[in-house]
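Residues per chain are reported as follows:
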Amino acid sequence: MNIIESAGLGKRYGRTWALRDCTLAIPGGHVVALVGPNGAGKTTLLSMAVGLTTPTAGVISVLGGDPAGSPDALDRIAFVAQDAPLYKNLPAADMLHLARNLNRRWDQQYAESRLRDLGIPLKRKVGKLSGGQQSQLALTVALARRPDLLVLDEPLAMLDPVARDDFMASVQKAVADDGISVVLSSHVLAELERMADYLIVLSHGQVQIAGEVGDLLAGHRMLTGPAAEAGQHAGRMHIVQHRSAGPQSHLLVRTAGPAEPAPPGWQSRDVGLEELVLAYLRESGAGVMPGPAEVQAGTRTEVQA
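Residues numbered from 1 in each chain as written. Predicted model: local features only at pLDDT ≥ 70, side-chain atom pairs only at ≥ 80, totals over all residues. Heavy atoms only, no water.

Novice: Can you break down the nonpolar core residue by residue, with the values?
Specialist: With 54 residues, the main nonpolar core has L137, L150, L152, F167, V182 and L199 as its most contacted residues. Take this core: its biggest share by element is 6 residues, from helix α5 (residues 131-143). Excluding residues that lie within four positions of it along the chain, L199 makes contacts with A33, V35, I209, A210, G211, V213, L216, L273, L276 and V277. (Core = buried A, V, L, I, M, F, W, Y, C linked by side-chain atoms within 4.5 Å. Buried < 20%, exposed > 50% of the residue type's maximum accessible area, 1.4 Å probe, protein only. Helix = DSSP H or I, 4+ residues; strand = E, 2+ residues; numbered from the N terminus. Contact = heavy atoms within 4.5 Å.)

Here it is as structure tokens:
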């Protein structure tokens, strides 16, 4: 089952396209990292997936084909934005009571138990909680809805390192205990590398690369060799990024796998997730596009779970 599927999806504000020609088929059962610079279209994509925004072009469905924003879809999706809609003057217990009245699916016992386990006083007003506690309260409200899909848009942006670590641990526990799928938008690449197993890179409103993290890392290598020879390999390799440092060149290339030999006189090494993401983001303006093993902007490739 694909948790999010889109075809030719686009959103325009005035004359500016926030997202354009986005075609994806994201399989369920993953923690999906959605990465890109500010203005790349991440929030726009997530907003359309949860039904907060309607597309200008194309279509989007969720959870095996439900139209985004439909009642059935909304019952099964929980969304936590960077600025969670918490009422600062309400005690945490009243925040849970309000959420219970607004949702058809709700587990009050789970919500109260989770807050107690986290040491968050139910009688304390939301505005008196720390930033980390408020984020945990927002996550508790989302998880108490017992969703099949949890969508998180920049939930770590305002948190200190300890609060970030606690928040991500809570998400990992929910994935392990309840088997939910997660789509997480964030700039904190180190945190994503720790838990994400599926990657989507957006830049300039278009998909640059998408797929399971293990497959993407196995399909890329960093080659280091004489700068004078770098041009010789441009025609027979797909070079994602080319950087020179004095007499040496560093080429991040797509390969058929880790066993593919490096050219004579060149050294080959594995690529990390952060290194891969940064390469595609830096080179996206130069027309670098993923290959047939990945999801390309304007095409559709389904990866089976």
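Novice: Please set out the pairing of strand β1 (residues 2-13) residue by residue, giving values where relevant.
Specialist: Two elements, β1 and strand β2 (residues 16-27), share 8 bridges in a ladder whose sense is antiparallel. Residue N2 lies in a different strand from β2, and its bridge partner there is P27. Taking the residues between adjacent antiparallel strands as the criterion, β1 and β2 are bridged by 2 residues, where G14 takes a positive phi near 65°. Relative to strand β4 (residues 57-62), β1 runs antiparallel, the two sharing 5 bridges. Looking across to β4, one finds that A7 is bridged to V59. (Pairing = 2+ DSSP bridges.)

Novice: Now, about the sheet that holds strand β9 (residues 198-203): what can you tell me, with residues and values included?
Specialist: Strand order across the open sheet formed by 6 strands is β6-β7-β8-β3-β9-β10, with mixed pairing between neighbours. Single-partner strands in this sheet number two, and they are β6 (77-80) and β10 (206-212). With strand direction ignored, the average angle separating the axes of adjacent strands in the sheet is 15°. The pairing of strand β7 (residues 149-153) with strand β8 (residues 181-185) spans 5 bridges and is classified as parallel. (Axes fitted to C-alpha atoms, helices over the stretch in contact; angles between N-to-C directions.)

Novice: Go over the confidence of the model for the protein, please, and point to the residues and values.
Specialist: When pLDDT is averaged along the protein, the result is 86; 91% of the residues meet or exceed 70. Within the protein, the element-level pLDDT minimum falls on helix α9 (residues 230-233), averaging 77, and the maximum on β4, averaging 96. Confidence over residues 286-305 falls short of pLDDT 50; this stretch has 53 contacts with residues more than four positions distant or in other chains. (pLDDT = per-residue confidence, 0-100.)

Novice: Provide a residue-level description of the pairing of strand β12 (residues 238-245), including the pertinent values.
Specialist: Looking at chain direction, β12 and strand β13 (residues 248-254) are connected through 7 bridges and run antiparallel. Pairing of S244 across the sheet is with S249, part of β13.

Novice: Any chance you could break down the pattern of salt bridges for me, citing the residues and the numbers?
Specialist: Going through the model one piece at a time under the given rule, you end up with 9 salt bridges. Note that D148 and R76 form a salt bridge whose closest N and O atoms lie 2.8 Å from each other. Note that D148 is positioned in the loop between α5 and β7 and R76 in helix α2 (residues 71-76), a separation of 72 residues in sequence. The exposure class of D148 is partly exposed, given its relative accessible area of 31%. Linking K173 and D177 is a salt bridge whose minimum nitrogen-to-oxygen distance equals 2.5 Å. Highlighted residues: K173 and D177, both in helix α6 (residues 161-178), separated by 4 residues, approximately one helical turn. Three or more residues are tied together by salt bridges with common partners; here these are D66, R76 and D148. (Salt bridge = Lys/Arg side-chain N within 4 Å of Asp/Glu carboxyl O.)

Novice: Tell me about α5, and name the residues and values.
Specialist: The end-to-end C-alpha separation of α5 is 18 Å, in line with the 18 Å expected for 13 residues at 1.5 Å each. With 11 of 13 residues buried, α5 is to be regarded as a mostly interior element. Considered for burial, the residues of α5 that qualify are Q133, Q134, S135, Q136, L137, A138, L139, T140, V141, A142 and L143. Structurally, α5 contributes buried residues whose contacts are with β6, α3 (92-102), α4 (108-117), β7 and α6. (Expected span 1.5 Å × (residues − 1).)

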